[in-house]
Amino acid sequence: MDYQDFIEAKIKEIKELVGSEKAINALSGGVDSSTVTVLGHRAIGDQLKTVFIDTAVMREKEPDTVINSFNDLGIKVELIDAQDEFFRAFKGIEDPEEKRKAFRNTFYTVLGRAVKERRAHHLLQGTIAADIVETKEGIKTQHNVLDQIGIDSQSYGFKLIEPLKDLYKDEVRKVAKQLGLPEESYEKMPFPGPGLSCRVIGEVTRERVGILKKATTIVENELKDLHPFLAAAILLKDKATGVIDGKRAFGDIICVRAVESKDAMSAEVTEVPWEILRRLEKRITSEIPSITKVLYDLSPKPPSTIEYI
């Protein structure tokens, strides 16, 4: 594929679809949404309003980091704080698919309001081929797949534009590089659309998300030099007996996952040196007092998926 030709064709397509109207897009900081943000602004400039929805299930300090990095690129990003709304939506839900659907419904309700308030008519979105394939085949519901499974996007108050929907992750990275995004953007580790709600097994609460944010920071920091496709911490629902300050404790379990992949359709487990695993365990249990056990996941895709839910 000639990626410059692809970019020029998509810029023309976006211009034609939006016309003289306004569009909006939700930036998360991942390579897909970052690519769409730059592509959209190249196509229609100030007609595109970019927002960052704080869903409460992002990485630590993610909103500020992403917004500042795009300000440096000359793209203004507006923050929408929707944390309370998402936690209300997650309350009492443990089933993986129901959590994904709760996230999707809340995300598009918030986004639909943003579209209406800004008098926009179009949503520019970074859906990619893998999202559509996994959702249509029933592997797992990706929150950003709507029209392809019979959900009318216009019911949320906008017309959907998905310029990356025929590309896989490795191809999106090449488009992002061709667009001139910095390497830290186009090589950024994948992060699920529903955020840490995919990595909290059981109910998603403020307390549990807070634990997982700290563990995620440690895992990504300790494994970054290995350059895995993805490195993640998962907070399990079960508890495990441990010893803290010389006393028996019934604490949380963190599972560490790292994989190698190109297109996210298959993956092999990263062979992490023993000394790094030991350092990971020591940091997690010492810096997060509620953790009494740390595990490492050895499952490739298939039979596993890359994310837990």
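Refer to the structure presented above.
Residues numbered from 1 in each chain as written. Predicted model: local features only at pLDDT ≥ 70, side-chain atom pairs only at ≥ 80, totals over all residues. Heavy atoms only, no water.

Chemist: Hey, could you run me through the overall build of the protein in this one?
Modeler: In terms of regular secondary structure, the protein is built from ten helices and nine strands. A globule of 309 residues ought to have a C-alpha radius of gyration of about 19 Å, and the protein, at 20 Å, matches this closely. Projected onto its principal axes, the C-alpha coordinates of the protein cover approximately 70 × 40 × 40 Å. With 309 residues in all, the protein has 54% of them scored as buried. A sequence separation of at least 24 residues applies to 75% of the contacts in the protein between residues at least 6 apart. As presented, the protein carries roughly 14600 Å² of accessible surface, and 48% of it is formed by carbon and sulfur atoms. (Helix = DSSP H or I, 4+ residues; strand = E, 2+ residues; numbered from the N terminus. Rg over C-alpha atoms; globule rule 2.2 N^0.38 Å. Buried < 20%, exposed > 50% of the residue type's maximum accessible area, 1.4 Å probe, protein only. Contact = heavy atoms within 4.5 Å. Areas by Shrake-Rupley, 256 points an atom, 1.4 Å probe, with all protein chains shown as cover.)

Chemist: Just checking my understanding: could you explain the pattern of salt bridges for this structure?
Modeler: Inspection of every chain in the model, using the stated rule, returns 16 salt bridges. Lys 169 serves as the salt-bridge partner of Asp 32, at 2.8 Å between the closest nitrogen and oxygen. Remark: Lys 169 occurs in helix H7 (residues 169–179) and Asp 32 occurs in helix H2 (residues 31–44); sequence separation between them is 137 residues. In this pair, the class of Asp 32 matches that of Lys 169, namely buried. Salt bridges sharing partners connect three or more residues here, namely Arg 59, Glu 62, Lys 188 and Glu 220. (Salt bridge = Lys/Arg side-chain N within 4 Å of Asp/Glu carboxyl O.)

Chemist: What is the right way to look at the side chain of Lys 301 in this model?
Modeler: Relative to the assigned elements, Lys 301 resides in the segment after strand E9 (291–296). You can call Lys 301 buried: its relative accessible area is 9%. Polar contacts involving the side chain of Lys 301 include one to the main-chain carbonyl oxygen of Ala 264, which spans 2.7 Å. Filtering out sequence-adjacent residues up to four positions away, Lys 301 remains in contact with Glu 134, Ala 264, Met 265, Ser 266, Ala 267 and Ile 306. (Polar contact = N/O pair within 3.5 Å; in protein donor to acceptor, adjacent residues only side chain to side chain.)

Chemist: Honestly, the sheet that holds strand E2 (residues 48–54) in this entry has me stumped. Any pointers?
Modeler: Strand pairing in a sheet is mediated by backbone hydrogen bonds. Such pairs are either parallel or antiparallel. Read across the open sheet, the five strands follow the order E3-E2-E1-E4-E5; overall the sheet is parallel. Across the chains shown, the open sheet's two edge strands, defined by having one partner strand only, are strand E3 (77–81) and strand E5 (159–161). Along the sheet, successive strands turn relative to each other by an average axial angle of 30°, direction set aside. Sheet analysis places strand E1 (residues 23–26) next to E2, joined by four bridges and oriented parallel. Note that in E2 the partner of Asn 25 across the bridge is Thr 50. H2 rests against E1, E2 and strand E4 (122–124) of the sheet, and its axis sits at about 160° to E2. (Pairing = 2+ DSSP bridges. Axes fitted to C-alpha atoms, helices over the stretch in contact; angles between N-to-C directions.)

Chemist: Even after reading the chapter, I still don't get helix H3 (residues 62–72), so can you show me in this structure?
Modeler: Note: α-helices contain 3.6 residues per turn, so residues at a spacing of three or four share the same orientation. Regarding H3, the residues found buried are Glu 62, Pro 63, Val 66, Ile 67 and Phe 70. Angular distribution of buried residues about the axis of H3 spans 115°; they occupy a single face of the element. Where H3 is buried, its residues contact H2, E2 and E3. Phi turns positive, to about 85°, at Gly 74, one or two residues after H3. (Arc of directions from axis to C-beta.)

Chemist: Hey, could you run me through the packing of helix H1 (residues 3–18) against H2 in this one?
Modeler: Packed helix pairs are characterised by how far apart their axes lie and by the angle those axes make with each other. The interhelical angle for the contact between H1 and H2, taken along N-to-C directions, is 65°, at an axis separation of 9 Å. In the crossing of H1 with H2, the sense of the turn from one axis to the other is right-handed. Mapping the contact onto sequence places Ile 7, Lys 10, Ile 11, Ile 14, Lys 15 and Val 18 in H1 and Leu 39, Gly 40, Arg 42, Ala 43 and Ile 44 in H2. Along the lines of polarity and charge, the residues of the contact of H1 with H2 split into seven nonpolar, one polar and three charged. (Left-handed = near helix turned anticlockwise from the far one by under 90°. Nonpolar A, V, L, I, M, F, W, Y, C, P; charged D, E, K, R; others polar.)

Chemist: I'm lost on the packing of aromatic side chains in this one. Help?
Modeler: Centre distance and the angle of the planes are the two values used to describe a pair of aromatic rings. Counted according to the given criterion, the structure contains three aromatic pairs. The interplanar angle of 15° and the centroid separation of 5.8 Å between the aromatic rings of Phe 103 and Phe 107 together place this pair among those described as stacked. Separated by four residues within a single helix, Phe 103 and Phe 107 lie in helix H5 (residues 96–117), roughly one turn from each other. Within the aromatic cluster, the residues linked to one another by ring pairs are Phe 86, Phe 103, Phe 107 and Tyr 108. (Phe/Tyr/Trp six-rings, centres within 6.5 Å; stacked < 30°, edge-to-face > 60°.)

Chemist: Even after reading the chapter, I still don't get a positive patch on the surface, so can you show me in this structure?
Modeler: On the surface, a cluster of positive charge is made up of Lys 22, Lys 49, Lys 76 and Arg 119. For Arg 119, the position within the fold is in the loop between H5 and E4. Owing to a relative accessible area of 69%, Arg 119 belongs among the exposed residues under this scheme. (Patch = residues over 30% accessible without salt bridge, like charges linked within 9 Å, V, L, I, M, F, W, Y side chains within 5 Å. Lys, Arg positive; Asp, Glu negative; His and termini not counted. Charge placed at Lys NZ, Arg CZ, Asp CG, Glu CD.)

Chemist: Would you mind going over the pairing of E1 with me for this structure?
Modeler: A regular strand places its side chains on the two faces of the sheet in alternate fashion. Handedness of the crossover joining E1 and E2 through H2: right-handed. Here E1 runs beside E4; their pairing, made up of two bridges, is parallel. Each bridged residue has a counterpart across the sheet, and for Ala 23 the counterpart in E4 is His 122. (Right-handed = clockwise from strand over helix to strand, strands pointing away.)

Chemist: Is there a simple way to explain the packing of helix H4 (residues 83–90) against H5 in this structure?
Modeler: Relative to each other, H4 and H5 sit at 150°, their axes nearing to 9 Å. Comparing the axis directions of H4 and H5 gives the class roughly antiparallel. When the axes of H4 and H5 are compared, the crossing they make is right-handed. In this structure, H4 contributes Glu 85, Phe 86, Ala 89 and Phe 90 to the contact, and H5 contributes Lys 99, Ala 102, Phe 103, Thr 106, Phe 107, Thr 109, Val 110 and Arg 113. Split by residue class, the contact of H4 with H5 holds seven nonpolar, two polar and three charged. (Parallel < 35°, antiparallel > 145°, perpendicular 65-115°, else oblique.)

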